[in-house]
Amino acid sequence: MLAGLVLALIAGSLVSLQNIFNNRVNEKTGPGSWSTTTLVLGMGFIASFGMSLVVEGKATFSLHNMEPWYWISGLIGVGVVICLVEATRLLGATFAISIVMTSQLGFALLWDSLGWLGLEKVPFTMNQLIGVLVIVGGILVFKLGGKREQQETA
């Protein structure tokens, strides 16, 4: 359990860090997100392919047990990068990531509760809903509270 918590914390920090880096790459590559996405996912492919060859060797190419619909995962990654880059540009890193995290939590709750995508069905509880709503409330306080402070200083 502790290892899972540590890995989840690391993943969260890496997602935020990647989002900031992607935004900087987007500023240097031009107005469109496609070149940023190509560069970011291309570098990610090279790095992960190389590490896979080092760590797993020939097992890297053992894909016979993979369901055909799993292949769309890479396409989902394209959508993630493009949406995050644009959201960060339009909203700022903190606000964009807070919305992304809330969206992830809400959809994970939905997919768990319905047992979609091969997940074990987890009963939906009011505590889970309240938890998501508290986070949404926190985002609203964060965003709206900052606007009031800016108006008072102006």
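In this report, the structure presented in the accompanying data block is examined. Since we're looking at a predicted model, the values are computed, not measured.

1. Observations regarding the overall build of the protein
Link 1 in the chain: For the protein, the count of helices and strands is five helices and zero strands.
Link 2 in the chain: In terms of overall dimensions, the protein has a C-alpha envelope of 60 × 45 × 30 Å along the principal axes.
Link 3 in the chain: For the protein, buried positions account for 16% of its 154 residues.
Link 4 in the chain: In the protein, 52% of the contacts between residues at least 6 apart in sequence involve partners at least 24 apart.
Link 5 in the chain: With the model as given, the accessible surface of the protein reaches about 11500 Å², and the carbon-plus-sulfur share is 72%.
Link 6 in the chain: Averaging the positions of the 8 positive and the 8 negative side-chain charges in the protein gives two centres separated by 8 Å.

2. Brief notes about the environment of Q18
Link 1 in the chain: Of note, Q18 is situated in helix α1 (residues 2–29).
Link 2 in the chain: Separated by 57 residues in the primary sequence, Q18 and L75 have C-alpha atoms spaced 18 Å apart.

3. Some points on the packing of α1 against helix α2 (residues 34–56)
Link 1 in the chain: Viewed as axis vectors pointing N to C, α1 and α2 meet at an angle of 130 degrees, and their least axial separation amounts to 9 Å. The angle between α1 and α2 places the two elements in the oblique class. Here α1 runs over α2; the crossing is right-handed. Seen from α1, the contacting residues are Q18, N22, V25, N26 and T29; seen from α2, they are S35, T36, L39 and V40.
Link 2 in the chain: Looking at the contact of α1 with α2 residue by residue, the class counts come to three nonpolar, six polar and no charged.

4. Some points on α1
Link 1 in the chain: Helix length check: α1 (28 residues) gives 40 Å between terminal C-alpha atoms against 40 Å at 1.5 Å per residue, within 8%.
Link 2 in the chain: When we look at burial in α1, the residues that qualify are N19, N22, N23 and N26.
Link 3 in the chain: Lining the buried residues of α1 we find α2, α3 (73–91) and α4 (93–114).
Link 4 in the chain: A positive backbone phi angle near 125 degrees is found at G30, which sits one or two residues after α1.

Criteria and thresholds
- Residues numbered from 1 in each chain as written.
- Predicted model: local features only at pLDDT ≥ 70, side-chain atom pairs only at ≥ 80, totals over all residues.
- Heavy atoms only, no water.
- Helix = DSSP H or I, 4+ residues; strand = E, 2+ residues; numbered from the N terminus.
- Buried < 20%, exposed > 50% of the residue type's maximum accessible area, 1.4 Å probe, protein only.
- Contact = heavy atoms within 4.5 Å.
- Areas by Shrake-Rupley, 256 points an atom, 1.4 Å probe, with all protein chains shown as cover.
- Lys, Arg positive; Asp, Glu negative; His and termini not counted.
- Charge placed at Lys NZ, Arg CZ, Asp CG, Glu CD.
- Axes fitted to C-alpha atoms, helices over the stretch in contact; angles between N-to-C directions.
- Parallel < 35°, antiparallel > 145°, perpendicular 65-115°, else oblique.
- Left-handed = near helix turned anticlockwise from the far one by under 90°.
- Nonpolar A, V, L, I, M, F, W, Y, C, P; charged D, E, K, R; others polar.
- Expected span 1.5 Å × (residues − 1).

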